[in-house]
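Notes for the structure review
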Amino acid sequence: GDRKDNTAWAGADLAARLGNVAVSLRNDGGFSRASAGYAGFSDGWQDFSKNGAMTWCYPQASEGNVALMGELPETNGIMALSFAETLEGARTLSRSSLADEYDEVHDLFVGQWEAWGKTLKIPYTSPELQREAELSAAVIKMHEDRTYGGALVASLSVPWGQAHDDIGGYHLVWTRDAVEAAFAMIVAGQTTDAARALAYLVGTQSESGNWAQNYFPDGRGYWSGRQLDEVALPVLLACKLKSVGGLNISRSVEAMLGKAVRYIVQNGPMSDQDRWEENAGLSPFTLTVSICALVAAAEFFAPDERAYMLALADSWNERIEAWTYVENGPFCEATETRGYYIRLTPQSDSSERGKVPVRNREDGSSVAPGDLVGMEFLYYVRAGLRAADDPRIVETLKVVDTFLRVDTPSGPSYHRYNGDGYGENADGSAFDGAGIGRLWPLLTGERGHYAVCAGEDAKPWLDAMVRMTGPGGLIPEQIWDSDPIPKLGLYPGKPSGSAMPLVWAHAEFLKLLAAQANGRPAEMLEPIETRYGGKIPTAARWHWRELSPIGSLPAGKAILIERNEPFRLHFGFNGWHRAEDVDSQPTAFGMHGVEIPADNLEGAARLDFTFYFPARDEWRGKDFAVELGG
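Presented here is an overview of the structure given in this document. (Residues numbered from 1 in each chain as written. Predicted model: local features only at pLDDT ≥ 70, side-chain atom pairs only at ≥ 80, totals over all residues. Heavy atoms only, no water.)

**Some details on the nonpolar core**
With 138 residues, the main nonpolar core has I140, L236, L237 and L294 as its most contacted residues. With ten residues, the single largest contributor to this core is helix α9 (residues 284-297). Setting aside chain neighbours within four positions, we find L236 in contact with F183, V289, C292, A293, A296 and L525. Formed by 22 residues, the second largest nonpolar core is a distinct cluster that contains I550, L569, V594 and L607. (Core = buried A, V, L, I, M, F, W, Y, C linked by side-chain atoms within 4.5 Å. Buried < 20%, exposed > 50% of the residue type's maximum accessible area, 1.4 Å probe, protein only. Helix = DSSP H or I, 4+ residues; strand = E, 2+ residues; numbered from the N terminus. Contact = heavy atoms within 4.5 Å.)

Here you go:
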């Protein structure tokens, strides 16, 4: 509402410019009169309000919040609206567009959409589901950039856009959302669309192997967070495309896989941000996609690298419970459960040791990891790492159904986690940096995916998602979960002021419909099923990293102590007895390590160690310990 930097011109066309974005609106019969004014002072509405007719014809309005008005000489004709990086470019496009034959342009546009629509393969079980599925596929397709093919933005909307000036909104590519959408395109039969998304992601990957947190379609980064799931997901997309015959692994894709796997190996399984972009640490979602990426991509690597990737994945998989499961936590008593999977494990070097800060809340509080539950654990089942009937999974479901689920008039949905602050305030006013998190339809879809894995019917969850849409069938980011506030258009079970549509939610709906039809989630890849089949592996060795240390090493396992630079390990047992020094050896993907075999650890209760770096003649200056035989 208070922009001070737009300029507008009125004459043969209505044109405006802000920096390197320009627009031109032209009519084939010209304008009989035109005016450029300032919003709220000299715009068309003010003119008619004060004078009852168009009386102003200002040729230009500079450096302000501008508005344009034009009078058409007749009631029918053709108008062209064009955008470009320069004013001249926009004017050239609007002129040449009017010179094109309208019917030809119309037929070409409609013809391309119809041809694409004919190739959709959507399994549906009711007219409502068919309509929503076809709409969902079209919504995803509409979010692909036309200049940078394969660039899928998260939404063409801005959450609570009326309340702030963030130019990004969701008009940006998030690698995670883009891959979620590409998986949906695959299940809808559009593998070429998904392959184009992968090719685009190959183009936006950084030299170090990761992706910017989000970025403009041309690849310019916007926010600077580092998210490990956004490195693992493109790897999974490549593996999925190859498995459905939609991709020949080219040199470019091979190079992308090499850089991404190296990044996962060197930085995983901890991440600077989880999938909600709020916390550093280890999230079940990020952990799942990282393990799956290592296993699914192993076939593309040389034998020694492949063996390393599988061993690391086994080590992480076996530690899932040690990292993300608590017994006798605060939610156990009310639900009569023994334990549950948590939302997040903080990084070992977190400022408030062992606490998770809760974002978007006035009080800025931190809580113990066991005090937070989320829906991420369902990905353990969806990807094939844990069985649907694993008692820990079943009991966690009981916990989230008790503390996160709300039954709305549209059907059941879930909060992201207890105490979420990303949503409207209690009075319905827009999220302003703090608020109350509402229900997410995409989580209704995630719960439906669990139903499929457990051999149940997903239709109730699909039907609920259809009922949570806006008037045109668009699925929002969040739905309202409190008493209705009619003056703000807020009704329980219907869209809140968050982003709508949310591409990820439409993708989730399409994937759930496909999973309902064929009994398996799109994210369940054959190599993971073959290797794990929902069972916890027994890794021969565990990998120790400073950000993901091992508290207690089970008997009979070797330990590989690793860093991403060469070192000398100074170690001993039970308080530095039998101390010795060993130089690290290169392991794989730029890591260096010292492996201590299981036999050498037998009979000792504790391994003590620290690091010396010969290259810079420096000690780590901190001692580490691992309890043995735990």
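**What about the environment of W116?**
Note that W116 resides in helix α3 (residues 102-118). A relative accessible area of 10% means that W116 is categorised as buried. In this structure, the C-alpha to C-alpha distance between W116 and Q213, residues 97 residues apart in sequence, is 31 Å. Residues contacting W116, with those up to four places away along its chain left out, are A137, A138, K141, M185, Q190 and D193.

**Regarding the pattern of salt bridges**
Going through the model one piece at a time under the given rule, you end up with 42 salt bridges. K242 serves as the salt-bridge partner of E299, at 3.7 Å between the closest nitrogen and oxygen. Of this pair, E299 sits in the loop between α9 and α10 (303-318) while K242 sits in helix α7 (residues 229-243); the two residues are 57 residues apart in sequence, bridging distant segments of the chain. Put simply, D608 and R606 hold a salt bridge, and the shortest N to O gap is 2.7 Å. When its relative accessible area of 31% is taken as the criterion, R606 is described as partly exposed. Where salt bridges share partners, they join R176, D177, D229, E230 and E277 into one cluster. (Salt bridge = Lys/Arg side-chain N within 4 Å of Asp/Glu carboxyl O.)

**Overview of the sheet that holds strand β16 (residues 558-563)**
The strand order β14-β16-β20-β19 describes an open sheet built from four strands, whose pairing is mixed. With partners counted over all chains shown, the strands left at the sheet margins are β14 (541-544) and β19 (585-586), one partner each. Bridge count between β16 and strand β20 (residues 592-596): five bridges; the pairing is antiparallel. By the bridge assignment for β20, I559 is matched with I596. (Pairing = 2+ DSSP bridges.)

**A look at the environment of T119**
Turning to its location among the elements, T119 is positioned in the loop between α3 and α4 (127-142). In this structure the C-alpha to C-alpha distance between T119 and V173, which are 54 residues apart in sequence, comes to 25 Å. Among residues more than four places away in sequence, those in contact with T119 are A188, G189 and Q190. Polar side-chain contacts of T119 include one of 3.0 Å to the side chain of Q190. (Polar contact = N/O pair within 3.5 Å; in protein donor to acceptor, adjacent residues only side chain to side chain.)

**Some remarks on the packing of α9 against α10**
Contact geometry for α9 and α10: axes closest at 8 Å, N-to-C directions at 155°. Classified by the angle between their axes, α9 and α10 sit roughly antiparallel to one another. The crossing of α9 and α10 is left-handed. Counted together, L287, S290, I291, L294, V295 and A297 of α9 and M309, L310, L312, A313, W316 and N317 of α10 form the full contact between these two elements. A breakdown of the residues in the contact of α9 with α10 according to their chemical character gives ten nonpolar, two polar and no charged. (Axes fitted to C-alpha atoms, helices over the stretch in contact; angles between N-to-C directions. Parallel < 35°, antiparallel > 145°, perpendicular 65-115°, else oblique. Left-handed = near helix turned anticlockwise from the far one by under 90°. Nonpolar A, V, L, I, M, F, W, Y, C, P; charged D, E, K, R; others polar.)

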